[in-house]
Amino acid sequence: MKYFTSAILLLITASIAVNVNAIVTGTYFDRIVFVIFENTGYTQAAADPYFQNLTSRSNGLLLSNYFAVAHPSQPNYIATIFGSTAGITDDNNHNVAGNNVVDLLEAKGVSWKAYMENYPGSCFTGATAPSGSHLYARKHDPFISMNDIRTNSARCANIVPGTQLDTDINNNAVPQYVYYVPNQNNDGHDTNVTFASNWFKNWLEPKLTNPAFTTNTLIFFTFDEDDGSQNNHVFAGLLGTPVVPPSNHIDATTYNHYSFLATVEKNWNLGNLGRSDVGATTFTQYLVHP
Ligand SMILES: *[C@@H]1O[C@H](CO)[C@@H](O)[C@H](O)[C@H]1NC(C)=O
Ligand SMILES: *[C@@H]1O[C@H](CO)[C@@H](O)[C@H](O)[C@H]1NC(C)=O
């Protein structure tokens, strides 16, 4: 009886381990890695050699008419996972009720994590960290503002420091939905777009040689908002084997942050949140599942 029980426990443990790594196949990609930068108008970012280089690659695409949805920063981040700005018009701490992308992902078994550079972990809810610094800023972490994430310990544990991504790559355990927020130096907020693109190059290039990161992965990078002078026109690019670009590597369709959410929803047939994600144009025109 004792051995029998142990055997069953082993079987249960094994099947849980398998489920953690199960991949939900998408229509266009099996993983999306979203990286968001700060406060730069389209023309400044489009002039940056590294951002130009990325979108010109054989599997790169420039989204040349992509728009942020608000000022200042925070409502843009909220929009990417909530489908509206939730009425937020500032960068103060807010607690947001209602469903969000995590509810949709979890309902279909799509794994997710929110990687926040310099996040102290343990469901930290303060405005900035580490103490005496402001490298992590809650205004750039929409997940902690969602009531059904912040008050749910299992979900809250999926908000992790940025360094966790390399660990997850080494363990071949990168989730299917990766939302990556560089700290306020690396994202250009307290620096500039040159600093941000140098950081991105050093961060991204080694990962591009690792199948645990790249297999059927769509990498999507953009800016939260412009510099206040370009009607919120921001730079946005796609990279990865799911991208089959036209010869000029440009998709000039008009998109915005709700397009990102709608693309995720469409890829995994998640349904929608019933907000501005409904009817948002998805950037799937030049995507083909590898
Ligand atoms: C991007 O930069 C790399 C490294 O400098 C270079 O080898 C590659 O040719 C560049 N690609 C494009 C499309 O400019
Ligand atoms: C960014 O700042 C550095 C110095 O910190 C400067 O060399 C560089 O030209 C700046 N880039 C832009 C696009 O302003």
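Because the structure is predicted, anything quoted here is derived from the model rather than measured.

## Some details on the overall build of the protein chain
Tallying secondary structure elements over the protein chain gives 12 helices and 11 strands in all. Against the compact-globule benchmark of 19 Å for 290 residues, the protein chain has a radius of gyration of 19 Å, which places it among compact chains. By residue count, 52% of the 290 residues in the protein chain fall in the buried class. For the protein chain, contacts bridging at least 24 residues in sequence account for 74% of all contacts bridging at least 6. Split by element, the accessible area of the protein chain, about 11900 Å² in all, is 54% carbon and sulfur. If the 13 positive side-chain charges of the protein chain are averaged to one point and the 22 negative ones to another, these points end up 10 Å apart.

## A short note on the state of the cysteines
If you walk through the whole model with that rule in mind, you get one disulfide. Two residues share a disulfide in this structure: C123 and C156, whose sulfurs sit 1.9 Å from each other. Note on the C123 and C156 pair: the S-S dihedral is about 75°, so by sign convention the disulfide is right-handed. A residue pair is termed long-range when its members are at least 10 positions apart, and C123 in the loop between β3 (112-116) and β4 (128-129) and C156 in helix α8 (residues 153-156) qualify at 33 residues. Residue classification places C123 among the partly exposed residues on the basis of a relative accessible area of 24%.

## A look at the pattern of salt bridges
Enumeration over the complete set of coordinates arrives at six salt bridges. A salt bridge links R57 to E205; the shortest N-O distance between them is 2.9 Å. With R57 in the loop between α3 (49-56) and β2 (60-67) and E205 in helix α10 (residues 193-207), this residue pair connects regions lying 148 residues apart in the sequence. Look at R57 and you get partly exposed, because its relative accessible area is 25%. Here the salt bridges share partners, and the residues they tie into one network are D103, E106, D148 and R155.

## Focus on the site of ligand 2
Taken together, the residues surrounding ligand 2 are N192, V193 and T194. Interatomic distance of 2.3 Å between a side-chain N/O atom of N192 and an oxygen atom of ligand 2. With respect to ligand 2, the side chain of T194 contributes an N or O atom lying 2.7 Å from a nitrogen atom. Notes on ligand 2: free accessible area 360 Å², of which the protein chains cover 26%.

## Some points on α3
Inspection of α3 places Y50, F51, L54 and T55 among the buried residues, and these make up the whole buried set. Down the axis of α3, the buried set is contained in an arc of 130°. They therefore lie on one face. If you follow the buried residues of α3, they end up packed against β1 (31-37), α2 (42-46), β2, α10, β8 (217-223) and β10 (236-239). Between a side-chain oxygen at the N-terminus of α3 and the backbone nitrogen of Y50 the separation is 3.0 Å; the capping residue is D48.

## So, the confidence of the model for the protein chain
When pLDDT is averaged along the protein chain, the result is 94; 93% of the residues meet or exceed 70. Between residues 1-20, whose pLDDT stays under 50, and residues either more than four places distant or in other chains, the model counts zero contacts.

## Some remarks on the side chain of R138
For R138, the location among the structural elements is in the loop between β5 (136-137) and α6 (142-145). Despite its burial, R138 pairs with no opposite charge, the nearest such side chain being D141 at 7.1 Å. Of the polar contacts made by the side chain of R138, one reaches the backbone oxygen of T125; its length is 2.9 Å. Each residue touching R138, except ones within four places of it in the same chain, is listed here: Q74, N93, H94, N95, T125, G126, A127, I144, S145 and R150.

## Details of unusual backbone geometry
Residue P72 follows H71 across a cis peptide bond; omega there is -5°. Mapped onto the elements of the fold, P72 is located in the loop between β2 and α4 (73-82). In this model, A129 is joined to P130 through a cis peptide bond whose omega is -10°. Note on placement: P130 falls in the loop between β4 and β5. At C123, a residue that is not glycine, the phi angle is positive and equals roughly 55°. Phi at N232 takes a positive value of approximately 65°, unusual for a residue other than glycine.

About the criteria used
Residues numbered from 1 in each chain as written. Chains lettered and ligands numbered in written order. Predicted model: local features only at pLDDT ≥ 70, side-chain atom pairs only at ≥ 80, totals over all residues. Heavy atoms only, no water. Helix = DSSP H or I, 4+ residues; strand = E, 2+ residues; numbered from the N terminus. Rg over C-alpha atoms; globule rule 2.2 N^0.38 Å. Buried < 20%, exposed > 50% of the residue type's maximum accessible area, 1.4 Å probe, protein only. Contact = heavy atoms within 4.5 Å. Areas by Shrake-Rupley, 256 points an atom, 1.4 Å probe, with all protein chains shown as cover. Lys, Arg positive; Asp, Glu negative; His and termini not counted. Charge placed at Lys NZ, Arg CZ, Asp CG, Glu CD. Disulfide = S-S within 2.5 Å. Salt bridge = Lys/Arg side-chain N within 4 Å of Asp/Glu carboxyl O. Near = heavy atom within 4 Å. Polar contact = N/O pair within 3.5 Å; in protein donor to acceptor, adjacent residues only side chain to side chain. Arc of directions from axis to C-beta. pLDDT = per-residue confidence, 0-100.

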